[in-house]
Amino acid sequence: FGAGDGPLCLVGGEYTMATREGASDEVMIFLEGGGACTSQLCQATPAAQPGMPSFGILNAADGSNPAADFNVAYLPYCDGSIFSGDQDYDDDGDGTIDRYHRGLQNLSAALDVVANTFQAPSKILLTGNSAGGYGTDYALPLVRKLFPDAAIELVNDSGVGIAFPGYI
């Protein structure tokens, strides 16, 4: 994906995602976790690493992995907006954007790739951890629109946050 008004990571780097063909007609869409940005603190992962890690549910060689033979779409997390942002910020007021919260654009562009790559899955496992867990809730309506006939299972792994009053 490119620069400008499209998908970007936190400090303006290119957003990238990965797919892997499996042995079934089922698709797993995995949203990576990472730190978030709030009005008080920004602990976001600033860049999307190319490729796909091979651990846990992403490890196709693990015989105990229930999704080992699924087709996989791996969506890195790199903008601090839990896959839902659509706002750029000039933090120091110098007229230059310092943070790009393009989570919704990143998510939408990646899901377009998924829909073009895996056109008729029988089942979709929409899952993610931490910030990616939050993202699964935001992604569900988009995934349903792209795949109106597929069964969808959503697994939000640790995407339920706890904060103190007034913390946004």
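For the structure itself, consult the block above.
Notes on the structure follow. (Residues numbered from 1 in each chain as written. Predicted model: local features only at pLDDT ≥ 70, side-chain atom pairs only at ≥ 80, totals over all residues. Heavy atoms only, no water.)

For the structure on display, the rule yields four salt bridges. Across the pair glutamate 26 and lysine 123 runs a salt bridge whose closest N-O atoms are separated by 3.6 Å. One end of the pair, glutamate 26, is in strand E2 (residues 26–31); the other, lysine 123, is in strand E6 (residues 123–129), and 97 residues separate them in sequence. On the basis of relative accessible area, glutamate 26 is assigned to the buried category, the value being 19%. Members of the salt-bridge network, linked through shared partners, are Glu26, Lys123 and Glu153. (Salt bridge = Lys/Arg side-chain N within 4 Å of Asp/Glu carboxyl O. Helix = DSSP H or I, 4+ residues; strand = E, 2+ residues; numbered from the N terminus. Buried < 20%, exposed > 50% of the residue type's maximum accessible area, 1.4 Å probe, protein only.)

Working note: regular strand, side chains alternate between the two faces of the sheet. Here E6 lies mainly inside the structure; five of its seven residues are buried. The pairing of E2 with E6 spans six bridges and is classified as parallel. Within E6, the residue paired with methionine 28 across the bridge is leucine 125. The sheet contact formed by E6 and strand E7 (residues 151–157) spans seven bridges and is parallel. If you follow asparagine 129 over to E7, its bridge partner there is aspartate 157. (Pairing = 2+ DSSP bridges.)

Another aspect to go through is helix H2 (residues 131–146). Compared with an ideal rise of 1.5 Å per residue, which puts 16 residues at 22 Å, H2 spans 22 Å between its outermost C-alpha atoms and is within 8% of the ideal. Within H2, the axis deviates most sharply at alanine 139, by approximately 45 degrees, and proline proline 141 lies no more than four positions further along. Every buried residue of H2 is listed here: Ala131, Gly132, Gly133, Gly135, Thr136, Ala139 and Val143. In the core, the buried residues of H2 are packed alongside E2, helix H1 (103–117), E6 and E7. (Expected span 1.5 Å × (residues − 1). Bend = angle between axes of the 7 residues up to and from the residue. Contact = heavy atoms within 4.5 Å.)

The next thing to look at is the packing of aromatic side chains. This structure, assessed with the given rule, holds two aromatic pairs. Taking the centre distance of 6.0 Å and the plane angle of 10 degrees together, the rings of phenylalanine 30 and tyrosine 74 count as stacked. In this pair, phenylalanine 30 is assigned in strand E2 and tyrosine 74 in strand E3 (residues 71–75), connecting sequence segments 44 residues apart. A relative accessible area of 8% means that phenylalanine 30 is categorised as buried. (Phe/Tyr/Trp six-rings, centres within 6.5 Å; stacked < 30°, edge-to-face > 60°.)

Take the environment of threonine 38 next. If you trace the backbone, threonine 38 turns up in the loop between E2 and E3. Separated by 42 residues in the primary sequence, threonine 38 and glycine 80 place their C-alpha atoms 8.4 Å from one another.

When you tally the buried positions in E2, you get six out of six residues, the bulk of the element. By the alternation rule, side chains of E2 split into Glu26, Met28 and Phe30 and Val27, Ile29 and Leu31, which are all buried. Across five bridges, E2 lies against E3 in parallel orientation. When the bridges of E3 are listed, valine 27 appears paired with asparagine 71.

A separate point is the nonpolar core. In a soluble, globular protein the nonpolar side chains are often hidden away together inside. Among the nonpolar cores identified, the biggest contains 27 residues, and Tyr15, Ile29, Leu31, Leu75, Val114, Ile124 and Val143 are the most heavily contacted of them. Elements with a contribution of two residues or more to this core: E2, E3, H1, E6 and H2. Element by element, the count of residues in this core is highest for H1, at five residues. When residues no more than four places from it in sequence are discounted, the contact partners of leucine 75 are Tyr15, Met17, Ile29, Phe30, Leu31, Glu32, Phe83, Leu107 and Ala110. Phe30, Leu58, Ala67 and Phe70 belong to the second largest nonpolar core, which has eight residues in total. (Core = buried A, V, L, I, M, F, W, Y, C linked by side-chain atoms within 4.5 Å.)

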